[in-house]
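Chain residues, written in single-letter form:
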Amino acid sequence: MSYRYKIEITDVTLRDGMHAVRHQFSVEDAKAIASALDRTGVAKIEASHGDGLGGSSIQYGFSKESEEDYVGAVCQAVKTSQVVALLLPGIGTLEDLKRAVGLGIRGVRVATHSTEADISAEHMEEARKMGLDVVGFLMMSHMTETERLVEEAKKMASYGAHCVYIVDSAGAMLMDEVRRKVSALREALPDHVQVGFHAHNNLGVAVANSIAAVEEGAYRIDASLAGLGAGAGNTPLEVFVAACEKYGIETGVDLYAAMDAAEDVVRPRMARPVLTDRTALTLGYAGVYSSFLLHAERAAKQFEVDVRDILVELGRRRVVGGQEDMIVDVAYEIAHGKEANADGPVASVHRG
Amino acid sequence: MKKLSAAIVGSGNIGTDLMIKLKRSPWIEPRWMIGIDPESDGLRRAREMGLETSADGLKAVLEQGVRPDIVFDATSAKAHVRHAKLLREAGIQAVDLTPAARGPYVIAAVNLEEHLDSPNVNMVTCGGQATVPMVYAVSRVVGVRYAEIVATIASKSAGPGTRANIDEFTQTTARALEAIGGAKRGKAIIILNPAEPPILMRDTIYCLMEDASPTTQAKVLESIEQMVRHVQTFVPGYRLNREPIFQDDLVSISIEVEGLGDYLPVYAGNLDIMTAAAVKFGEEYARHKMQVASAEEAR
């Protein structure tokens, strides 16, 4: 059949999927998943702690393996795909990136909150000098107006990004918003800078959103085997590839190999099924960073409060990615009856 | 008694806030404000407040023969590397508010008097001034095998210097958690939050303790509370968000810093704690110099 679109998929099972297993994938898991992914023909494989290089911490959870062992194992297991890593300035550093390059990664995705692109300048410029494929990742794009996203994307392009992503970290976007934001970036960025889209399935529309993004000119799309990822998971690779086949989008991914990898390699390694349960759904509904899921469940148990109350309050306070420490503080406040006035300004809420 | 004369290099958020605080000091008189942008708001304010200003940078001003007793550098890590050399050659005391870390670390609440004889001291980072005292409060009671801090600041309070120095921030803060905080290993994370109205500076401090018996926990709690009161003597808006939480060998401390609103509004507690710490060191240095001088006179 003839295709209407051609795209490139970046698989995030070994990075975003780490959130869903509390960063506990072993070197053996990493090798098995990386080899299975390599056989699907997927263009790029992202591997690191869920919060990127240097993410192993009390705040986000310690990884089972050292970064060297984990990323190194993925690089060695892969023959044709390119291995890339995530880096969040403020968490990981250029030194972490240089070490990962030594392990064999060939690209880096530099992520900032969608209004803070300028903290990525140094990392992107240096990554370009190192000859890496460089992606700018505008997290929590649902919180930011289209015009501002365009400005921030242009900054990332000026630092040397080959591609800039609209990242729906909270799985809070619906198709019309995806279309508006992706098409605005496509129009504003120079032709040689690609546009990408990263979805979470908290509202059940990850595949639909990703297809809408392709129609608006996104060239890179993120997906993961069986959808393994934070919150209700990412765009499931095998589902997306099947939908793309039917829709006339060329992905370069072997559908059966992707199905087998999801079913035989990833599902048996899941700590819990990836599904849109009430917590994951609340993330999308309240517009909260998907990685908060397991942390919020833990805090809800510890302080005996409803996890949904924690998440809705975090959304109201416009907490951004990486602020996992706010989960415990909000749970504590709710448990101690210090729940904030719903209309009060954020600063006064924080005065507790 | 004659005040020490001071120059401030860098007319951004930090330099301007520092100037306003130094104007109130009984020990130090800010006389020069040196920037590189003649249009900057900081230089304009400095002129209004009666300081001599220059937009030609530190080197040009020193070449004109200006010799302050003490220079506060609020530029960038890269610029301070050059400035440190110039000031050393001119024999001028340097207080470095960038993460360049050419001189020893000073955390105002912990080791204020340790480096009064060092010609260049480094004020670490705003996150360091706010969190190292908490780690120290734990480690003076019980061994801390790992300390991790997460500093969340309002986007509006982070100027271009801070934004260009994100790696230096995390690395310098982490080293200070070890060197001054007393943790065996340290890690620092910084997050910018663009919420409107802007959030107050907020820090979470995690310490993994070598012993977490109830007696130790009680002592740690007391030590933390004591330290909060001590920091409040020069940063009144420094406070605990909630009681510290103990879980197994982990203690989690959450603080926020409300600024005095000298230059930026009160949300910029990160600015405030940095400049207040620098003033505190400057005044301690001034007192020390006068003691030395009067001791020599008496001889």
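Residues numbered from 1 in each chain as written. Chains lettered and ligands numbered in written order. Predicted model: local features only at pLDDT ≥ 70, side-chain atom pairs only at ≥ 80, totals over all residues. Heavy atoms only, no water.

Our next topic: the interface of chain A and chain B. Counting residues at the interface gives 41 residues for chain A, matched by 40 residues for chain B. Overall, the association of chain A and chain B removes approximately 3200 Å² of surface from exposure, summing both partners, and the carbon and sulfur fraction of that is 52%. Our enumeration of links across chain A and chain B arrives at 4 salt bridges. One salt bridge in this structure joins R163 of chain B and D118 of chain A, with 2.7 Å as the shortest N-O distance. One can count 16 residue pairs in polar contact (both at pLDDT 80 or more) joining chain A with chain B. Within the residue set of the side of chain A that touches chain B, elements represented by two or more residues are helix 4 (94-103), helix 5 (121-129), helix 12 (292-303), helix 14 (325-335) and helix 15 (346-350) of chain A. Ranked by residues supplied to the side of chain A that touches chain B, first place goes to helix 14 of chain A with 5 residues. (Contact = heavy atoms within 4.5 Å. Buried area = accessible area lost by both parts, 1.4 Å probe. Salt bridge = Lys/Arg side-chain N within 4 Å of Asp/Glu carboxyl O. Polar contact = N/O pair within 3.5 Å; in protein donor to acceptor, adjacent residues only side chain to side chain. Helix = DSSP H or I, 4+ residues; strand = E, 2+ residues; numbered from the N terminus.)

What follows deals with the environment of T279 of chain A. Residues and elements named next belong to chain A. Within the secondary structure, T279 is located in helix 11 (residues 278-286). Through-space distance from the C-alpha of T279 to that of E95 is 36 Å; in sequence the pair is 184 residues apart. Those residues within four positions of T279 in sequence are excluded, and the remaining contacts are L293, E297, V307 and L311.

As a further point, take a nonpolar patch on the surface. Residues and elements named next belong to chain A. A contiguous nonpolar surface patch, about 410 Å² in accessible area, is contributed by L174, L203, L281 and Y285. Tracing the backbone shows L174 in the loop between strand 7 (163-167) and helix 7 (175-188). L174 sits in the partly exposed class, given a relative accessible area of 43%. (Patch = residues over 30% accessible without salt bridge, like charges linked within 9 Å, V, L, I, M, F, W, Y side chains within 5 Å. Areas by Shrake-Rupley, 256 points an atom, 1.4 Å probe, with all protein chains shown as cover. Buried < 20%, exposed > 50% of the residue type's maximum accessible area, 1.4 Å probe, protein only.)

Our focus in this paragraph is empty space enclosed by the protein. All chains considered together, the criterion is met by 3 cavities of 30 Å³ or more. For the largest cavity, the calculated volume is near 170 Å³. Lining the largest cavity we find 17 residues, and of these P89 and H113 of chain A together with I190, I191 and L192 of chain B sit closest to its centre. Going through the elements one at a time, strand 5 (107-113) of chain A together with strand 8 (186-193) of chain B are the ones with two or more residues in the lining of the largest cavity. (1 Å grid on protein atoms, 1.4 Å probe; cavity = no way out; pocket = protein on both sides within 12 Å on 5 of 7 lines; lining within 4 Å. Points joined across faces, edges and corners; volume = space filled by probe spheres on them.)

What follows is about the layout of surface pockets. Over the atoms, a rolling probe the size of a water molecule traces out where space has been left empty. Residues and elements named next belong to chain B. Computed from the structure, the largest pocket encloses a volume of approximately 900 Å³. Along the wall of the largest pocket there are 42 residues; nearest its centre are A74, T75, S76, G161 and T162. Element by element, the count of residues in the lining of the largest pocket is highest for helix 4 (residues 77-90), at 5 residues. Here the lining of the largest pocket is built from residues that sort into 19 nonpolar, 19 polar and 4 charged. Residues lining the lining of the largest pocket come from more than one domain, with at least three contributed by each of domain 1 (4-123 + 274-298) and domain 2 (126-266). (Nonpolar A, V, L, I, M, F, W, Y, C, P; charged D, E, K, R; others polar. Domains from an automatic or database assignment.)

Further remarks concern the pairing of strand 2 (residues 28-34) of chain B. All names here are of chain B. Taking burial as the measure, the 7 residues of strand 2 include 5 buried ones, the bulk of the element. Pairing analysis gives 6 bridges linking strand 1 (residues 4-9) to strand 2, with the strands arranged parallel. Residue I8 lies in a different strand from strand 2, and its bridge partner there is M33. Crossover strand 1 to strand 2 through helix 1 (residues 13-22) is right-handed. Bridge analysis of strand 2 against strand 3 (residues 52-54) gives 3 bridges, and the strand direction is parallel. Bridge pairing in strand 3 places W32 opposite E52. (Pairing = 2+ DSSP bridges. Right-handed = clockwise from strand over helix to strand, strands pointing away.)

The next subject is the domain arrangement of chain B. Residue and element names in this part refer to chain B. What the domain assignment reports for chain B is domain 1 (4-123 + 274-298) and domain 2 (126-266). Facing the 24 residues of domain 1 at the interface are 26 residues of domain 2. Carbon and sulfur atoms make up 65% of the surface buried where domain 1 meets domain 2, a total of about 2100 Å² over both sides. For the salt bridge of D262 with K21, the shortest nitrogen-to-oxygen distance reads 2.8 Å. There are 10 residue pairs in polar contact (both at pLDDT 80 or more) connecting domain 1 and domain 2. Mapped onto the side of domain 1 that touches domain 2, the elements with two or more residues apiece are helix 1, helix 2 (41-48) and helix 9 (269-298). The dominant element in the side of domain 1 that touches domain 2, judged by the number of residues it contributes, is helix 1, at 5 residues. Each residue belonging to the side of domain 1 that touches domain 2 can be placed in one class, and the counts come to 13 nonpolar, 5 polar and 6 charged.

Here we come to the sheet that holds strand 1 of chain B. Backbone-to-backbone hydrogen bonds pair the strands of a sheet. The strands run either parallel or antiparallel. Residues and elements named next belong to chain B. Read from one edge of the open sheet, 6 strands run 3-2-1-4-5-6, paired in parallel fashion. Edge positions in the sheet fall to strand 3 and strand 6 (120-122), since each has one partner strand and no second. This sheet shows a mean twist of 25 degrees between the axes of neighbouring strands, independent of strand direction. Across the sheet, helix 1 lies against strand 1, strand 2 and strand 4 (70-73), angled at about 155 degrees from strand 2, the strand it touches most. (Axes fitted to C-alpha atoms, helices over the stretch in contact; angles between N-to-C directions.)

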